[in-house]
Structures are given as C-alpha cells and as structure tokens.
Amino acid sequence: MTCETQVHGVREGLRQLVGQKLFRSWNILSTRYFYFSDTPVPDVKDEYCYALGVHCAWRITREGVILAGLDDYVLPSDDNREDMPAGYLQEKKLADLLGEIKEGEIVNTGSGFIAESVDADNCGGIRINFTGGYALEVFPTSSDEMAWDLMYHDGGSLGWMNGKGYKTDKWVKAENAQPET
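Residues numbered from 1 in each chain as written. Predicted model: local features only at pLDDT ≥ 70, side-chain atom pairs only at ≥ 80, totals over all residues. Heavy atoms only, no water.

Caption draft 1: Structural context of the overall build of the protein chain. Check the secondary structure of the protein chain and you find 3 helices and 13 strands. Taken over 181 residues, the protein chain has a buried fraction of 43%. A fraction of 46% describes how many contacts in the protein chain between residues 6 or more apart in sequence connect residues 24 or more apart. Accessible surface, the protein chain as shown: approximately 9500 Å² in total, 49% of it carbon and sulfur. (Helix = DSSP H or I, 4+ residues; strand = E, 2+ residues; numbered from the N terminus. Buried < 20%, exposed > 50% of the residue type's maximum accessible area, 1.4 Å probe, protein only. Contact = heavy atoms within 4.5 Å. Areas by Shrake-Rupley, 256 points an atom, 1.4 Å probe, with all protein chains shown as cover.)

As structure tokens, this is what we get:
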C-alpha cells in the first residue's frame with residue numbers, strides 16, 4: 001500500500017468526525033482522550049460515537065495561537081484546585097475552553113467545538129477544525145510508536161502506528177455499513 005493510499009484512507013476515516021461534537025476529554029496514563037458524539041450525553045461515561053486517543057504531541061489552536069497542548073500537562077496552574085488531577089495547567093486550559101472539570105474529566109458545557117473538517121498529512125499528523133475557529137492538531141514525533149487511534153464505540157479503530165496508518169476490520173465494516181431504513 002502506498003503512502004498516498006494510507007493517507008487517503010486515514011482522511012476518509014477521519015471524515016466520520018465531521019458534524020460530531022467534542023464533548024469531553026480525559027487523560028489516562030499520559031494519553032489524552034477526546035470524545036465525540038452527534039448527540040452527547042456528558043453524564044454517561046461510555047456514551048460516545050468516537051474516542052480519539054492521542055499518544056503523541058498535540059495542541060489546540062485558534063488564530064495561530066496555542067491555547068492548550070501536551071506540554072501543559074507538567075505545569076502547575078496558578079489556581080490549582082483539588083479537583084484537578086496531575087497536569088494541572090493542561091486541565092485548567094481545557095476546562096477554560098470547554099466548560100468545566102467534573103470528576104476528573106473535562107466536559108464541554110457549551111454548544112461549540114463541532115468538527116467542521118478534518119485533514120491528515122503523510123506523517124500521520126491530523127487536524128480537526130472546529131466551529132469558532134478552533135483546531136486540534138496532532139503530530140507524531142516517532143517512527144516506531146503508537147501516535148493516535150480513533151476508536152468507534154461499537155468496536156474497531158483507525159490510527160497511526162509505527163509510521164503508517166491502519167484500520168481494523170471492524171472499523172472497515174462500520175465505515176461501510178448502510179444506514180437502517
């Protein structure tokens with residue numbers, strides 16, 4: 001499979017996110033998870049359509065300014081609170097963008113952060129453009145590690161690992177499923 005074919009497949013898979021709302025985020029063992037749904041139920045932890053697990057460098061930008069990113073994880077926040085887990089500044093910045101910290105999760109309490117478009121590059125980098133001019137940029141920095149994976153709630157995943165894109169069989173089946181009539 002050529003690089004162009006892999007990138008095209010990743011782009012097509014990522015298009016599943018268009019129209020989905022980024023409605024919560026969670027950090028587990030230095031992996032930042034971003035959860036998407038077209039009908040989010042923020043109080044139900046397992047309620048999502050897609051979960052993007054980012055194992056590499058990432059940032060959220062707007063108008064050329066970095067608003068939050070991976071390296072904010074190790075910095076303390078000026079108003080450190082007991083409900084902020086390790087990674088205080090990252091948690092605070094994400095909560096400022098999305099709404100609030102609730103039981104260790106960042107919850108989107110507003111109406112923004114709807115995915116408008118997506119893109120991928122030849123090195124596994126991805127960009128998700130949201131309403132309001134925000135963007136989530138993910139950029140792998142290793143040729144031999146898991147960079148990111150996008151998991152479909154009903155199983156299957158799409159991702160970038162060891163310098164190349166992949167899709168599991170269940171993802172392919174979900175992608176090709178016809179809507180019920």
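Caption draft 2: Quick peek at the pairing of strand 2 (residues 31-37). Buried residues dominate strand 2, accounting for 7 of its 7 residues. The side-chain alternation of strand 2 yields two buried faces, one formed by T31, Y33, Y35 and S37 and the other by R32, F34 and F36. For strand 1 (residues 21-28) and strand 2, the ladder comprises 7 bridges, and the chain directions are antiparallel. Across the sheet, residue L22 finds its bridge partner in strand 2, namely F36. (Pairing = 2+ DSSP bridges.)

Caption draft 3: Inspection of the sheet that holds strand 13 (residues 164-167) at higher detail. Strand order in the open sheet formed by 8 strands is 6-7-1-2-3-11-12-13, with antiparallel pairing between adjacent strands. Each end of this open sheet is capped by a strand with a single partner; those strands are strand 6 (99-102) and strand 13. The sheet shows a mean angle of 15° between the axes of neighbouring strands, taken without regard to direction. Running over the sheet, helix 2 (residues 88-98) touches strand 1, strand 2, strand 6 and strand 7 (105-108) and is turned about 130° from strand 6. (Axes fitted to C-alpha atoms, helices over the stretch in contact; angles between N-to-C directions.)

Caption draft 4: Geometry of the nonpolar core. Grouped together as the largest cluster of nonpolar side chains are 34 residues, with contacts concentrated most on L14, L52 and W148. Membership of the second largest hydrophobic core comes to 5 residues, among which are F23, Y35, Y48 and A51. (Core = buried A, V, L, I, M, F, W, Y, C linked by side-chain atoms within 4.5 Å.)

Caption draft 5: Fine view of the packing of aromatic side chains. Applying the stated criterion to the full structure yields 6 aromatic pairs. The interplanar angle of 5° and the centroid separation of 6.3 Å between the aromatic rings of F36 and F130 together place this pair among those described as stacked. Separated by 94 residues along the polypeptide, F36 in strand 2 and F130 in strand 9 (residues 126-130) bring together distant segments of the chain. These aromatic residues form a ring-pair network of at least three members: F36, F113, F130 and Y134. Sitting over the ring of Y35, R24 keeps its end group 4.0 Å from the ring centre. Taking the ring centre of Y134 as reference, the NZ or CZ of R62 above it sits at 4.7 Å. (Phe/Tyr/Trp six-rings, centres within 6.5 Å; stacked < 30°, edge-to-face > 60°. Lys NZ or Arg CZ within 6 Å of the ring centre and 35° of its normal.)

Caption draft 6: Inspection of unusual backbone geometry at higher detail. Of note, F113 is a non-glycine position whose phi angle comes to about 65°, a positive value. Position of F113 among the secondary structure elements: in the loop between strand 7 and strand 8 (115-120). Phi at N162 takes a positive value of approximately 55°, unusual for a residue other than glycine. Taking the relative accessible area as the measure of exposure, N162 reaches 37% and is therefore partly exposed.

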